[in-house]
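Inside the fold
Below are the chains, spelled out letter by letter.
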Protein chains: 2
Amino acid sequence: MSRFHWTCESTDGAARAGMLHTSHGPVATPTFMPVGTVGTVKAMTMDAVRSTGAGIVLGNTYHLMLRPGAERVQQLGGLHKFMDWSGPILTDSGGFQVMSLGALRKLDQDGVTFKSHIDGSTHRLTPESSTDIQHKLDATITMCFDECPALPAAPEAIAASMRLSMRWAARSREAFIPRAGYGQFGIVQGGTETDLRAESVKALTDIGFEGYAIGGLAVGEGQELMFSTLDTTVPLMPTNAPRYLMGVGTPDDLLGSVMRGVDMFDCVMPTRAGRTARAYTERGTLNLRNARHANDARPISPHCDCLACTRHSRAYLHHLFRANEILGPMLLTWHNIAYYQRLMRQIRAAILEGQLEALATRLRAEWAAEDWTEDEMPQPHIPPVA
Amino acid sequence: MSRFHWTCESTDGAARAGMLHTSHGPVATPTFMPVGTVGTVKAMTMDAVRSTGAGIVLGNTYHLMLRPGAERVQQLGGLHKFMDWSGPILTDSGGFQVMSLGALRKLDQDGVTFKSHIDGSTHRLTPESSTDIQHKLDATITMCFDECPALPAAPEAIAASMRLSMRWAARSREAFIPRAGYGQFGIVQGGTETDLRAESVKALTDIGFEGYAIGGLAVGEGQELMFSTLDTTVPLMPTNAPRYLMGVGTPDDLLGSVMRGVDMFDCVMPTRAGRTARAYTERGTLNLRNARHANDARPISPHCDCLACTRHSRAYLHHLFRANEILGPMLLTWHNIAYYQRLMRQIRAAILEGQLEALATRLRAEWAAEDWTEDEMPQPHIPPVA
């Protein structure tokens, strides 16, 4: 097994098309990682996830340490075997989830003590224990344990939090056990403060990681501020390592971030939307509970090869959601992940051809357009059955 | 398209192995029909249903007429296209569901008026409208509209109800539009009264149907009384037409009923059990929420080729149910339907070989046995990942 590394195949402006080489196989970048919080991408079989072309999935340290427990997953052969995913898995460090527990957590310089959202029992995460848990889960990519403040916050609070995260990053690196094809990513913090982000990048590159994530964005600051932060932060990051923007985002967020030099993403949006009848398409989003879909024999999208679009009408999806049938979330989550993967493939192909600006113009115009008209996507001829 | 008919390939005692020929393809009998109440076998894609070897599925007139409506399904190309099932579909008539509405329904000689369980709106079913709805759904097999009394009931009440159902059967037959490869089944009623069952069989065969169902059983009378009713009723039924025992049952119910000459079954048990963590296996049922499965790296069953058993451990299934993840019901419903289909294939093969008694002895002994020991099914060797 060769070392964990990322190679750049082509650039187009700041955007990069590359290949991530790992112990669990290669991943073409830019890439979107479906979120498999507790060892399952909600409402999907892993065969369905594979069918969308997804190359890497995400697991959550916080959730998995509480249930079923890292030791148990290790005993059962690791997270890959447990969830039936032989490709790479990235695990977050638990820092973000613990932060969002609010009053249920208590921070000190050494780590965080918190109460489980499941049974209220007390647990503790430190850079060392988070790294150890991710090792037990057999994460292909381990994330540093960090502290992630909610925005907006005072610059001094963001600075103090960032510096704590940098000390924790050094301890996380110390605790990481190098293995061929496995990597660990540092997480750049510093809110939307340019100088703090720069200081954070410097601290992490001085330590040295296999990849670098941008944390603490997409926490309420808005797309404009997120993009401007990327504009000043990404150029400071190493060019020979993958860049991962955590917890982002909408299709437009992904496009804009790739154009600013980001390679990797994860977000619950497509899976969560799939459970609430919202479909992502080339023409923006559709709510399949809407009565206008009740008699529509057309697929969600004419461009999609997912099970929902190749076998079923919008009318059927509408019916499933109205009847609260499990198959509704199953089919629509599949569709949304298929859309996100298709979008990333389109973006990657455009980078390789030096056509990303043209693609971006076209994608944005389409997202802003109305749903396909009957002229653009005619009602299919339904042959008499039998 | 040839006519709808059933051919007998072999008998073993009263049991029959045969082939049902329909407009939507052939079905090997004995067969178990997964229940697709509102146009979906709950928590399964139709690809998953197909993978289990299921040959025919069931839809519910009552549910489909209320949502999405029979006209809508017809407009969209029929139930086969709507739910992505090109094989035969049998639809019940709505009689049983309406009966179970209790106070919400009002019976008269012409039909039943009832209130929707969804929105309380008033609807009416008659033999004519039920048959028409099933026609609009494009049911391969249409069921007669009947009245199904709850047991126990006074013999006079059962007799009156049965005679009403027989008059309704004649009207259902009158309303049925014959089409090549499509069939209609009469439903034998009469509770557990031998003479009433005989009178009902006579009434239905005088009318003449493509198949004959036995209704009004498995409604609380117990297996012994159900079997004794089959013992006296089935021999009176035509030998050249399929026999369908409605709403039955456990694996042991299916075996005993096949041995009494029944060819077709439907039941929500395997699908419902799959949503509540109960697994059917060769060794009886398992509750996967039980703590003893938490560290068990073995599959649910060593004999099963479903996705749950070929890719995942009991520990993973246990985890999914504990975490209330949708994938738990998805995988376990798949497993249970796979078990039911495997059971029917075993039974059919044994009939063809004249070995049904021997199989029955072996199956019953296994069902009564404890779960596989570690000697019988060792914990799998888990190779180090990567």
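Sequence order as written defines the numbering, with residues in each chain counted from 1. Just so you know, chain letters begin at A and ligand numbers begin at 1, following the order they were written in. Only residues with pLDDT of at least 70 get local features here, since the model is predicted, and only at 80 or more are side-chain atom pairs given and counted; chain-wide, interface and lining totals rely on the full set of residues. The side-chain figures draw on all heavy atoms in the structure; neither hydrogens nor water molecules are used.

With that out of the way, let us pick up the pattern of salt bridges. By salt bridge we mean one thing: a side-chain nitrogen of Lys or Arg within 4 Å of a carboxyl oxygen of Asp or Glu. Going through the model one piece at a time under the given rule, you end up with 52 salt bridges over all chains. One salt bridge in this structure joins A:Asp263 and A:Arg16, with 2.7 Å as the shortest N-O distance. Highlighted residues: A:Asp263 in the loop between helix 10 (251-258) and strand 14 (264-266) and A:Arg16 in strand 2 (residues 15-22), separated in sequence by 247 residues. Here the two residues A:Asp263 and A:Arg16 agree in accessibility, since each one is buried. Of the charged contacts, one joins B:Asp47 and A:Arg311 as a salt bridge, the two residues approaching to 2.9 Å between their closest N and O atoms. Residue B:Asp47 is found in helix 1 (residues 46-51), and its partner A:Arg311 is found in helix 12 (residues 307-311); the two belong to separate chains. Each of A:Asp108, A:Asp110, A:Arg124, A:Glu128 and A:Arg171 takes part in salt bridges that share partners, so that together they form one network. Numbering goes from the N terminus for both helices and strands, where a helix is a DSSP run of H or I of at least four residues and a strand is a run of E of at least two. Between buried and exposed lies partly exposed: a residue is buried under 20% and exposed over 50% of the maximum accessible area for its type, with that area taken using a 1.4 Å probe on protein chains only.

So, on to the relation of the copies chain A and chain B. Residues reaching a pLDDT of at least 70 in both copies supply the C-alpha atoms on which the copies are superposed by least squares. Note on the identical chains: chain A maps onto chain B by a rotation of 180° and an axial translation of 0.0 Å, with an RMSD of 0.0 Å. With respect to symmetry, the two chain copies, as superposed, fit the operation of a two-fold axis. Closest to the rotation axis within chain A is the C-alpha of A:Ile326, separated from it by 3.9 Å. Note on contacts: a residue pair qualifies if any of its non-hydrogen atoms lie within 4.5 Å across the two residues. A symmetric contact is evident, with 98% of the interface residues of chain A recurring at the interface of chain B.

A few words now on the sheet that holds strand 9 (residues 122-125) of chain B. Sheet strands associate in pairs through backbone hydrogen bonding, adopting either a parallel or an antiparallel arrangement. All names here are of chain B. Strands are treated as partners if at least two bridges between them are detected by DSSP. Taking strand neighbours across the sheet as the criterion, the three strands line up as 7-8-9 in an open arrangement whose pairing is antiparallel. Two strands in the sheet have a free side with no partner beyond their single neighbour: strand 7 (105-107) and strand 9. Going across the sheet, the axis of each strand differs from the next one's by a mean of 20°, ignoring polarity. In the sheet, strand 8 (residues 112-115) pairs with strand 9 via four bridges, with the strands oriented antiparallel. When the bridges of strand 9 are listed, threonine 113 appears paired with arginine 124. Helix axes are fitted to C-alpha atoms over the stretch in contact, other axes to C-alpha atoms as well, and angles between N-to-C directions run from 0 to 180 degrees.

Let us look at the side chain of B:Thr131. Residues and elements named next belong to chain B. With respect to the helices and strands, threonine 131 occurs in helix 6 (residues 127-137). With a relative accessible area of 3%, threonine 131 lands in the buried category. Ignoring any residue separated from it by four or fewer positions in sequence, one finds threonine 131 in contact with Thr142, Ser172, Ala175, Phe176 and Gln184.

All names here are of chain B. Of all six residues in strand 11 (residues 183-188), six are buried; the element is thus mostly enclosed. Pairing analysis gives three bridges linking strand 10 (residues 141-143) to strand 11, with the strands arranged parallel. Within strand 11, the residue paired with isoleucine 141 across the bridge is glycine 183. Pairing analysis gives four bridges linking strand 11 to strand 12 (residues 211-214), with the strands arranged parallel. Counted as the bridge partner of phenylalanine 185 is glycine 211 from strand 12. Taken together, strand 11, helix 8 (residues 194-207) and strand 12 form a β-α-β motif whose crossover is right-handed. Here is how to tell: hold the view so the strands point away, follow the path from the first strand over the helix to the second, and if it runs clockwise the crossover is right-handed.

Before going further, it helps to spend a moment on the side chain of B:Thr31. Residues and elements named next belong to chain B. Turning to its location among the elements, threonine 31 is positioned in strand 4 (residues 31-33). Of the residues examined, threonine 31 reaches a relative accessible area of 3% and is grouped as buried. Excluding anything up to four places from it in sequence, threonine 31 contacts Ile56, Asp263, Met264, Phe265 and Met344.

All names here are of chain A. UniProt positions are given in the numbering used here, feature names are shortened, and annotations may be inferred rather than shown by experiment. Mapped onto this structure's residue numbering, the UniProt feature "binding site: substrate" (unreviewed entry) falls at Asp92, Ser93, Gly94, Gly95, Phe96, Asp146, Gln189 and Gly216. Note on placement: serine 93 falls in the loop between strand 6 (89-92) and helix 5 (95-99). Ignoring any residue separated from it by four or fewer positions in sequence, one finds serine 93 in contact with Thr61, Leu125, Ser130, Gln134, Met143, Cys144, Phe145 and Asp146. Within the element layout of this structure, phenylalanine 96 appears in helix 5. In this structure phenylalanine 96 comes out as partly exposed when scored by relative accessible area, which is 40%. Beyond its immediate stretch of four places on either side in the chain, phenylalanine 96 contacts Asp146, Cys148 and Val219.

The next thing to look at is the packing of helix 10 (residues 251-258) of chain B against helix 14 (residues 327-352) of chain B. Residues and elements named next belong to chain B. Relative orientation of the contacting elements helix 10 and helix 14 amounts to 25°, with a least axis distance of 11 Å. In terms of orientation, helix 10 lies roughly parallel with respect to helix 14. Handedness of the helix 10/helix 14 crossing: right-handed. Across the interface between the two elements, Pro251, Leu254, Leu255 and Val258 from helix 10 touch Tyr339, Tyr340, Leu343, Met344, Ile347 and Ile351 from helix 14. Partitioning the contact of helix 10 with helix 14 into residue classes produces 10 nonpolar, no polar and no charged. For classification, angles of less than 35 degrees are called roughly parallel, those exceeding 145 degrees roughly antiparallel, those between 65 and 115 degrees roughly perpendicular, and all remaining angles oblique. The hand of a helix crossing depends on one turn: near helix anticlockwise from the far one by less than a right angle means left-handed, and clockwise means right-handed. Under this grouping Gly is polar, as are all residues other than the nonpolar Ala, Val, Leu, Ile, Met, Phe, Trp, Tyr, Cys and Pro and the charged Asp, Glu, Lys and Arg.

Here we take up the packing of aromatic side chains. Centres within 6.5 Å are what make two rings of Phe, Tyr or Trp a pair, Trp counting through its six-membered ring; a difference in plane orientation under 30 degrees is then read as stacked, over 60 as edge-to-face, and the rest as tilted. Under the criterion given, the structure shown has 16 aromatic pairs over all chains. Aromatic side chains B:Phe4 and B:Phe185 sit 6.2 Å apart centroid to centroid with 80° between the ring planes, which places their arrangement in the edge-to-face category. On the criterion of sequence distance, the pair formed by B:Phe4 in the segment before strand 1 (5-12) and B:Phe185 in strand 11 is long-range, its members being 181 residues apart. A relative accessible area of 5% means that B:Phe4 is categorised as buried. B:Phe185 gets classed as buried once you look at its relative accessible area, which sits at 0%. The interplanar angle of 90° and the centroid separation of 6.2 Å between the aromatic rings of B:Phe209 and B:Tyr212 together place this pair among those described as edge-to-face. Its relative accessible area of 8% is what places B:Phe209 among the buried residues. Given the relative accessible area of 6%, B:Tyr212 is considered buried. Every member of this aromatic cluster is reached through a ring pair, and the members are A:Phe32, A:Tyr280, A:Tyr339 and A:Tyr340. Here, a charge over a ring is recorded when the distance from Lys NZ or Arg CZ to the ring centre is within 6 Å and its angle to the ring normal is within 35 degrees. Taking NZ or CZ as reference, B:Arg260 lies 4.0 Å from the ring centre of B:Phe227, over its face.

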